[in-house]
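# Understanding the architecture of this molecule
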Amino acid sequence: MKKLTRIISLALALSALLLTGVGCGIYSFSGTSIQPDVNSITINYIEYKALKVNPSLSNDLTEALKEQFRKMTKLEQVEMDGDLEIEGQITGYDVRATAVTANEQAAQSRLTVNVKISFTNRKHPEDDLEQSFSAYADFDATMSLDSVEASLCQEIVEKLVEDIFNATVAQW
C-alpha cells in the first residue's frame, strides 16, 4: 500500500510538471508570447513622415525598438527576411496647449508623437498587425520646446516602444 501511494504521488507530480511545461509552450518570463518556431526579427528603419521635423526621432525610435527586442527576447536580429518584421512611419509630431490660464495664455503644452506600425509574422500570419500608436509628454508652456525637446522625446520613445512591443510580441 505504501509503495502504491508513493507511485501515485510521483505520477501526479510528474504529470503536473509536464502540464506546466506543455501548457506554457509560448509563454516566457519576459511576458512575450513568441511561438517556438520563430527565431528572427527584422526591424526596419522607422521613416519620418510628419510635417514638423525632428531629425533624430526616427533613428532614436528605431534603435530603441531594436534594443527592446534584444533585451526582452532571444530573437536574432537580421537585416532582411526575419520570421517577424516591423516597419513603420512617424506620422505626427505636434505641440499644442493643454492648459490655459485666466489670462488666456497657455500654462502647459503637450508634445505628441504618432506612429503607424506594420508587424508581419511570416510563420503565423494570423498575428500580423497594422496599428497606430500615440504617446505624449507635457511641459510648462513658459519653456521653449527646444529646451525640453530631447528629454520629452526620450520619454515619448520609451512609451511608444513599450506599446509597440506589447502589441506585437506580448499581444496585450
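Calculation criteria
Residues numbered from 1 in each chain as written. Predicted model: local features only at pLDDT ≥ 70, side-chain atom pairs only at ≥ 80, totals over all residues. Heavy atoms only, no water. Core = buried A, V, L, I, M, F, W, Y, C linked by side-chain atoms within 4.5 Å. Buried < 20%, exposed > 50% of the residue type's maximum accessible area, 1.4 Å probe, protein only. Helix = DSSP H or I, 4+ residues; strand = E, 2+ residues; numbered from the N terminus. Contact = heavy atoms within 4.5 Å. pLDDT = per-residue confidence, 0-100. Polar contact = N/O pair within 3.5 Å; in protein donor to acceptor, adjacent residues only side chain to side chain. Salt bridge = Lys/Arg side-chain N within 4 Å of Asp/Glu carboxyl O. Axes fitted to C-alpha atoms, helices over the stretch in contact; angles between N-to-C directions. Parallel < 35°, antiparallel > 145°, perpendicular 65-115°, else oblique. Left-handed = near helix turned anticlockwise from the far one by under 90°. Nonpolar A, V, L, I, M, F, W, Y, C, P; charged D, E, K, R; others polar. Phe/Tyr/Trp six-rings, centres within 6.5 Å; stacked < 30°, edge-to-face > 60°. Lys NZ or Arg CZ within 6 Å of the ring centre and 35° of its normal.

### Notes on the nonpolar core
By size, the foremost hydrophobic cluster in this structure holds 36 residues, and its most contacted members are Leu61, Leu65, Phe69, Ile90, Leu111, Val113 and Leu160. At the level of elements, β1 (40-43), α2 (57-72), β4 (84-100), β5 (106-121), β6 (129-140) and α3 (145-170) are the ones that each hand at least two residues to this core. With 12 residues, α3 is the largest single contributor of residues to this core. With residues up to four places along the chain from it excluded, the contact list for Leu160 reads Leu61, Val113, Val115, Phe133, Ser134 and Ala135.

### So, the confidence of the model for the chain
Per-residue pLDDT for the chain has a mean of 85; in total, 77% of the residues score no lower than 70. Predicted confidence is poor over residues 17-30, with pLDDT under 50, and the contacts of this stretch with residues over four places away or in other chains come to eight contacts.

### Re the side chain of Ser58
By the secondary structure assignment, Ser58 is in helix α2. Here the side chain of Ser58 touches Ile46 through a polar contact of 2.9 Å, landing on its backbone oxygen.

### Examining the pattern of salt bridges
Using the criterion set out here, one finds six salt bridges in the structure. The salt bridge involving Arg70 is made with Glu67; its shortest N-O contact spans 3.3 Å. Highlighted residues: Arg70 and Glu67, both in helix α2, separated by three residues, approximately one helical turn. Take Arg70: its relative accessible area is 45%, and that puts it in the partly exposed class. Between Lys159 and Glu155 there is a salt bridge, with its nearest N and O atoms 3.4 Å apart. Within this pair, Lys159 and its partner Glu155 are both found in helix α3, separated by four residues, close to a single helical turn.

### Here we look at the packing of α2 against α3
One can describe the packing of α2 onto α3 by two numbers: an axis separation of 9 Å at closest approach and a directional angle of 50 degrees. Comparing their axes, α3 and α2 come out oblique. The element α2 and its partner α3 pack so that their crossing is right-handed. Listed contacts from α3 to Leu57, Asp60, Leu61, Ala64, Leu65, Gln68, Phe69 and Met72 of α2 are Cys153, Val157, Leu160, Val161, Ile164, Phe165, Thr168 and Val169. Here the residues of the contact of α2 with α3 sort into 13 nonpolar, two polar and one charged.

### Considerations on the packing of aromatic side chains
If you walk through the whole model with that rule in mind, you get one aromatic pair. A ring pair is formed by Phe69 and Phe165, whose centres lie 5.0 Å apart and whose planes are at 65 degrees; its orientation type is edge-to-face. Here the residue Phe69 occupies a position in helix α2, and Phe165 occupies one in helix α3, the gap between them amounting to 96 residues. Judged on exposure class, the residue Phe69 and its partner Phe165 are both buried. Here the guanidinium or amino end of Arg110 rests over the ring plane of Tyr136, the centre of that ring lying 3.8 Å away. Geometry around Tyr136 places Lys159 over its ring, the cationic atom sitting 5.3 Å from the centre.

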